[in-house]
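Next come the chains, spelled out residue by residue.
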Amino acid sequence: MTVESYGIIKIPVATIWEGRSEIKENSLGETVSAISDEGLYGMGLTITGAEELGFYPVRTFYGYSGFIRKEEMELVSLDELKCWEECGLMVTDGIYVDILSLPKVQGVRLLSLFRGSLIRVFSFDSETEGWAKVELFNGRVGYMRNQFLRKKEFSQSGLWTGELPQKKIVDEASFRKSVVETAKQYLGTQYRWGGRSTAGIDCSGLTSESYLLNGILIYRDARIKPGFPVHEIPKDEMLPGDLMYFPGHIAMYMGNGSYIHSTGKIGSGGVVINSLNPQAEDYRSDLAESWYASGSIFGTAPLMQTPC
């Protein structure tokens, strides 16, 4: 009998909850969402315990734990998970991308996916120019515009090795530029507590997803955590792509005093660019005054494979 100790997310966005409930009570006695993170289509999970009340406890390949509804993922064996991971996956790279039954816009829509989803690609250049032939997790074959695909830079092997596999960075300047450009692709996305997709994203969702899409797995929350590749650096040594930490908040430095972040502040309400320059129109005094640390994957602390 196959031991099913892994899962693959089979809906466009699956919520990862703090516990076996979708709501909780905060310190003010208000009923609020218990969302902790989100998983995107095709993402693998390690199941860490038994199903209870319709939820499974899970751990993501980037070392984050929570609970997911059982109907939002497919239970798979390790061999099935490895087959999915190692058989031609690419990453969707559009705000919201349709998978169609035919390589033409009149095709029947099979599924629509957000940036960062994983899909198996049979042919990047199919029989019709500009269309890739792809396979969904349920085996259905479809087509999507190949302009909305990007190379999968990260590995999910930590699900079965217990380590955080990190891409080897051969050109620091190119990596810094790429991670900033990836974050900028989310400009205008609404703020969503616990979100990590182009439907809605929070501050650490933006930074961790931007790094993930470039092959580096950093901690998903807004703090520097031992065992992950980000380490503290002097503020005046920041370069583009480095991270800025505030109480309960995180941003990515872009250079020239500018930073990009996802904020719930009224008037912003999503992914925006702000400045550290007090004379700039987009200066945020509240953040400038509460900024307590900067972090980088470069510098004195080496980038290593670390245990989940």
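Here the structure is shown first, and the text comes after it.
Residues numbered from 1 in each chain as written. Predicted model: local features only at pLDDT ≥ 70, side-chain atom pairs only at ≥ 80, totals over all residues. Heavy atoms only, no water.

Enquirer: It is not clear to me how the packing of aromatic side chains should be interpreted in this structure. Could you clarify?
Expert: The geometry of an aromatic ring pair comes down to the distance between the two centres and the angle between the two planes. What the rule picks out here adds up to nine aromatic pairs. Consider the rings of Y96 and F114, whose centres lie 4.7 Å apart with planes at 35°: the pair is tilted. Placement of Y96 in strand β11 (residues 96-100) and of F114 in strand β12 (residues 109-114) is noted, with a sequence separation of 18 residues between them. Among the residues examined, F114 registers a relative accessible area of 14% and is labelled buried. (Phe/Tyr/Trp six-rings, centres within 6.5 Å; stacked < 30°, edge-to-face > 60°. Helix = DSSP H or I, 4+ residues; strand = E, 2+ residues; numbered from the N terminus. Buried < 20%, exposed > 50% of the residue type's maximum accessible area, 1.4 Å probe, protein only.)

Enquirer: Would you mind showing me how to read the nonpolar core here?
Expert: In terms of nonpolar packing, the biggest core is built from 52 residues, with F61, I68, F154, Y211, L243, M252 and I297 touching the most fellow members. Setting aside residues up to four positions removed in sequence, I68 forms contacts with I9, A14, T15, L45, G54, F55, Y56, V58 and M73. If you look at the next biggest cluster of nonpolar residues, it comprises 14 residues, including M90, L110, V121 and M144. (Core = buried A, V, L, I, M, F, W, Y, C linked by side-chain atoms within 4.5 Å. Contact = heavy atoms within 4.5 Å.)

Enquirer: I would appreciate a short explanation of the pattern of salt bridges in the present structure.
Expert: Any two side chains of opposite charge can pair, on the condition that their charged atoms come close. Scanning the model with the defined rule gives 19 salt bridges in all. The salt bridge partner of E172 is R176, with a shortest N-O separation of 2.9 Å. Of the two residues, E172 and R176 are both situated in helix α3 (residues 172-184); the distance of four residues between them amounts to about one turn of the helix. Taking the relative accessible area as the measure of exposure, E172 reaches 35% and is therefore partly exposed. The exposure class assigned to R176 is buried, which follows from its relative accessible area of 8%. Connected through salt bridges with shared partners, the residues D37, R196, D202, E209 and R220 form a single ionic network. (Salt bridge = Lys/Arg side-chain N within 4 Å of Asp/Glu carboxyl O.)

Enquirer: Can you help me understand the packing of α3 against helix α4 (residues 203-212) in this one?
Expert: Any two packed helices are characterised by how steeply their axes cross, that is the angle between the axes, and by the distance between the axes. With their axes 9 Å apart at the nearest point, α3 and α4 run at an angle of 130° to one another. The pairing of α3 with α4 is recorded here as oblique in orientation. Helix-helix and strand crossings are classified by hand; for α3 and α4 the assignment is right-handed. Here F175, V179, T182 and A183 of α3 lie close against α4, whose contacting residues are L206, S210 and Y211. Considered class by class, the residues forming the contact of α3 with α4 number five nonpolar, two polar and no charged. (Axes fitted to C-alpha atoms, helices over the stretch in contact; angles between N-to-C directions. Parallel < 35°, antiparallel > 145°, perpendicular 65-115°, else oblique. Left-handed = near helix turned anticlockwise from the far one by under 90°. Nonpolar A, V, L, I, M, F, W, Y, C, P; charged D, E, K, R; others polar.)

Enquirer: Teacher, can you tell me more about the environment of S197 here?
Expert: As for its placement among the helices and strands, S197 is situated in strand β18 (residues 196-197). When neighbours within four sequence positions are excluded, S197 is seen to be in contact with V13, E38, L40, F114, Y186 and T189. Of the polar contacts made by the side chain of S197, one reaches the backbone nitrogen of A199; its length is 3.0 Å. (Polar contact = N/O pair within 3.5 Å; in protein donor to acceptor, adjacent residues only side chain to side chain.)

Enquirer: In this structure, what is going on with unusual backbone geometry? I would like to understand it.
Expert: For residues that are not glycine, phi is negative in most cases, and the peptide bond is trans in most cases. You will see that L53, though not glycine, has its phi angle at about 55°, which is positive. Even without being a glycine, N256 presents a positive backbone phi close to 55°. Looking at the secondary structure, you find N256 in the loop between β22 (249-255) and β23 (258-263). A relative accessible area of 82% places N256 in the exposed class.

Enquirer: Got a minute to help me understand empty space enclosed by the protein in this structure?
Expert: Empty space among the atoms can be located by rolling a probe the size of a water molecule over them. The tally for this structure, following the rule as stated, stands at three cavities of 30 Å³ or more. Size it by volume and the largest cavity reaches roughly 80 Å³. Lining the largest cavity are L40, Y41, M43, F61, Y62, G116, S117, L118, F154, R196, E209 and L212. Tallied by class, the residues present in the lining of the largest cavity amount to eight nonpolar, two polar and two charged. (1 Å grid on protein atoms, 1.4 Å probe; cavity = no way out; pocket = protein on both sides within 12 Å on 5 of 7 lines; lining within 4 Å. Points joined across faces, edges and corners; volume = space filled by probe spheres on them.)

Enquirer: When you look at the sheet that holds strand β21 (residues 243-246) in this model, what are you seeing that I'm missing?
Expert: Remark on secondary structure: sheet strands pair via backbone hydrogen bonds, oriented parallel or antiparallel. Taken together, six strands build an open sheet; the order of strands is β20-β25-β21-β22-β23-β24 and the sheet is antiparallel. In the strand order of this sheet, the two ends are held by β20 (231-233) and β24 (270-275), each with one partner. The average undirected angle you get between the axes of adjacent strands in this sheet is 35°. Where β21 and β22 come together, four bridges link them in antiparallel fashion. (Pairing = 2+ DSSP bridges.)

Any functional reading would require information that these geometric values do not contain.
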